[in-house]
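In case you want the letters, here they are:
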Amino acid sequence: MTSELGERAPEAPAQKSSPLARTPLWARITVPVVVLIGGAAVVVGVSAARSQPPATVESACRSAIEATLESRGHTDIDVSRSFQVTEADGADRVSGSVTSVDESGHVDHALVRCVVRIQGDSMRVVSARLSD
């Protein structure tokens, strides 16, 4: 193009075309975000899997006793953290204590006795008893 004075208009500089420049804007934003979120989900999943303690006869008994007391309307359940475990008749017997508050507000102390059977990879609470 020429102007009225006969001068040529400056040409636009040649643009280099890179693969990133040819990629649509939505893809340049979406792909890194999806990769980042996916990576974070993997990290969280691995950490959560590692933080769960392995199931033990004590934890199985503790869960059974807590469920029993909750079904009876008890609150503030505090199962002892130290149990005595003995083996008898192919099962583990777990003994300990528990403190809870019943529906009337009375603090209740009880002895705990559970029988837990382990068969292969599964653990089953056969009985969970409370005695005053």
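Let me sum up the structure you'll find in this document. (Residues numbered from 1 in each chain as written. Predicted model: local features only at pLDDT ≥ 70, side-chain atom pairs only at ≥ 80, totals over all residues. Heavy atoms only, no water.)

Things to note about unusual backbone geometry
Residue Asp76 is not a glycine yet carries a positive backbone phi of 45 degrees. Inspection of the secondary structure assignment puts Asp76 in strand S1 (residues 75–79). Classification of Asp76 by relative accessible area gives exposed; the value is 61%. The phi torsion at Asp89 lies on the positive side, around 55 degrees, for a residue other than glycine. (Helix = DSSP H or I, 4+ residues; strand = E, 2+ residues; numbered from the N terminus. Buried < 20%, exposed > 50% of the residue type's maximum accessible area, 1.4 Å probe, protein only.)

Let's talk about the state of the cysteines
Enumeration according to the criterion identifies one disulfide in this entry. Across the disulfide, Cys61 is cross-linked to Cys114 (sulfur-sulfur distance 2.1 Å). Because the sign of the S-S torsion sets the handedness, a value of about 65 degrees for the bond joining Cys61 and Cys114 places this disulfide among the right-handed ones. Pair noted here: Cys61 is in helix H3 (residues 57–71) and Cys114 is in strand S4 (residues 107–119), with a separation of 53 residues, a long-range link. Neither Cys61 nor Cys114 differs from the other in exposure class; each is buried. (Disulfide = S-S within 2.5 Å.)

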